[in-house]
Structures are given as C-alpha cells and as structure tokens.
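# Report on the structure
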Amino acid sequence: MNTTLIRLRHIMRAFSAQRATFQRILANRLTTNQNLSPTVQQQLKKANLNHSQIEILSLVSQESELAYKALTDKVSFSQGMLSRYVARLVKLQLLEKVPLVDNKKAYNLKATDTGRFVAKAHDTLHQEEDAQLAAALTQFSPRELHTTLKVLEALADVNLENESANEI
C-alpha cells in the first residue's frame with residue numbers, strides 16, 4: 001500500500017482521537033465543576049451530550065433569545081435532527097422554548113443558566129484549542145496552508161458509500 005495513504009489514515013485517526021479528547025475534557029470539566037451542584041453534575045454526566053447538542057447551546061447562548069428558524073440557518077445538520085436535539089435540550093432543562101405572541105407555531109429558544117454554563121465551558125475549550133492550533137500553524141507559510149486546505153477539502157469530499165454500494 002502507498003505509504004502516503006498509510007500516513008494519511010494515521011493522521012486522520014489522530015484527528016478523530018483529538019475530537020474524542022475534546023469531548024472527554026469537556027465532559028470532565030462539566031461533571032467536576034464546583035460551580036454546579038452535584039445533582040446537575042450527575043445529570044450532565046448521564047445526559048452524555050454530543051458536540052452538535054453543545055454547539056446548539058453555544059449558538060443560542062450568544063443571544064438573549066434566538067428564533068428557532070434562525071438557528072436552522074446556523075447549523076449544518078437536518079431540520080429533523082435539530083428538532084430532536086432541541087427537544088432533548090429542553091427536556092434536560094438546558095434550553096427553554098419561548099412562545100411568540102403573534103405566532104402560535106413558532107418560538108424562540110433561550111438557554112437556561114445551566115445551558116449557558118455548558119456553552120461557556122464549550123466555547124472556552126474551543127478557544128484553548130484554537131490557540132494551540134494557531135501556534136502549531138505558525139511554522140507554515142500562507143502558501144503551504146492554502147495547499148493543505150485544498151488537500152483536506154479534497155479528502156473530506158471522499159465518500160465511501162458511493163463506491164461500496166457498487167462493490168457488493
């Protein structure tokens with residue numbers, strides 16, 4: 001097998017491991033933080049929020065209230081998935097639905113105090129990650145970074161499902 005492909009697979013697995021590490025660190029910070037009651041810490045541990053759910057909390061927390069429709073424009077997943085995530089976050093009392101006076105179907109979203117705390121922890125960890133990534137990138141020229149981005153975009157477009165269906 002081509003050594004470049006082997007190295008690429010290894011690097012992509014390392015990226016995946018970094019995402020898992022991010023999630024583990026965030027979960028640890030939330031479930032051991034002294035600013036949260038032991039009950040809330042336990043609820044967050046049991047909830048096992050995924051990154052998309054926490055991203056929703058971060059987006060909603062940036063505003064005092066955010067229209068559900070505006071949120072759909074800010075996320076990359078389907079409206080059905082967003083609806084399930086929002087319902088779960090409401091059930092966990094991390095988000096609140098705020099009914100609109102002039103429209104019975106539409107609503108705004110508002111983060112609860114705990115939801116804002118989770119969002120802040122998430123955003124802080126991303127800032128720490130961004131600082132480390134920026135430091136790592138200082139060794140490369142803008143041209144090298146441009147080429148790297150083009151390579152990564154091409155790799156991100158690879159879709160095994162298209163090829164695998166034809167092979168079986």
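Described below are features of the structure shown in this document. The model shown is predicted, which means the values in this text are computed figures rather than measured ones.

## Topic: the environment of Q79
Relative to the helices and strands, Q79 is located in helix α5 (residues 79-91). Accessibility expressed as a relative area gives 56% for Q79, which makes it exposed. Remark: the alpha-carbon pair of Q79 and K69, spanning 10 residues in sequence, is separated by 9.6 Å. Not counting chain neighbours up to four residues away, the residues in contact with Q79 comprise Y68 and T72.

## Things to note about the packing of helix α3 (residues 51-61) against helix α6 (residues 113-137)
Packing of α3 against α6 brings their axes to within 8 Å, and their N-to-C directions diverge by 105°. With respect to each other, α3 and α6 are oriented roughly perpendicular. Contacts between α3 and α6 involve H51, I54, E55, L57, S58 and S61 from the first element and G115, R116, V118, A119, H122, D123 and H126 from the second. The residue makeup of the contact of α3 with α6, split by class, is 4 nonpolar, 6 polar and 3 charged.

## Focus: the layout of surface pockets
Its volume calculated, the largest pocket comes out at about 1,100 Å³. As for the largest pocket, its lining consists of 30 residues, of which F15, Q18, L133, A136 and L137 are closest to the centre. At the level of secondary structure, the elements contributing two or more residues to the lining of the largest pocket comprise α1 (3-31), α6 and α7 (142-156). Counting residues per element, the lining of the largest pocket draws most heavily on α1, which supplies 11 residues. When its residues are assigned to classes, the lining of the largest pocket shows 16 nonpolar, 8 polar and 6 charged. Counted as a void, the second largest pocket has a volume near 280 Å³. In terms of lining, the second largest pocket is formed by L5, L8, R9, M12, L155, V158, N159 and L160. Per-element tally for the lining of the second largest pocket: the top contributor is α1, with 4 residues. Of the residues in the lining of the second largest pocket, the class split is 6 nonpolar, 1 polar and 1 charged.

Rules behind the numbers
- Residues numbered from 1 in each chain as written.
- Predicted model: local features only at pLDDT ≥ 70, side-chain atom pairs only at ≥ 80, totals over all residues.
- Heavy atoms only, no water.
- Helix = DSSP H or I, 4+ residues; strand = E, 2+ residues; numbered from the N terminus.
- Buried < 20%, exposed > 50% of the residue type's maximum accessible area, 1.4 Å probe, protein only.
- Contact = heavy atoms within 4.5 Å.
- Axes fitted to C-alpha atoms, helices over the stretch in contact; angles between N-to-C directions.
- Parallel < 35°, antiparallel > 145°, perpendicular 65-115°, else oblique.
- Nonpolar A, V, L, I, M, F, W, Y, C, P; charged D, E, K, R; others polar.
- 1 Å grid on protein atoms, 1.4 Å probe; cavity = no way out; pocket = protein on both sides within 12 Å on 5 of 7 lines; lining within 4 Å.
- Points joined across faces, edges and corners; volume = space filled by probe spheres on them.

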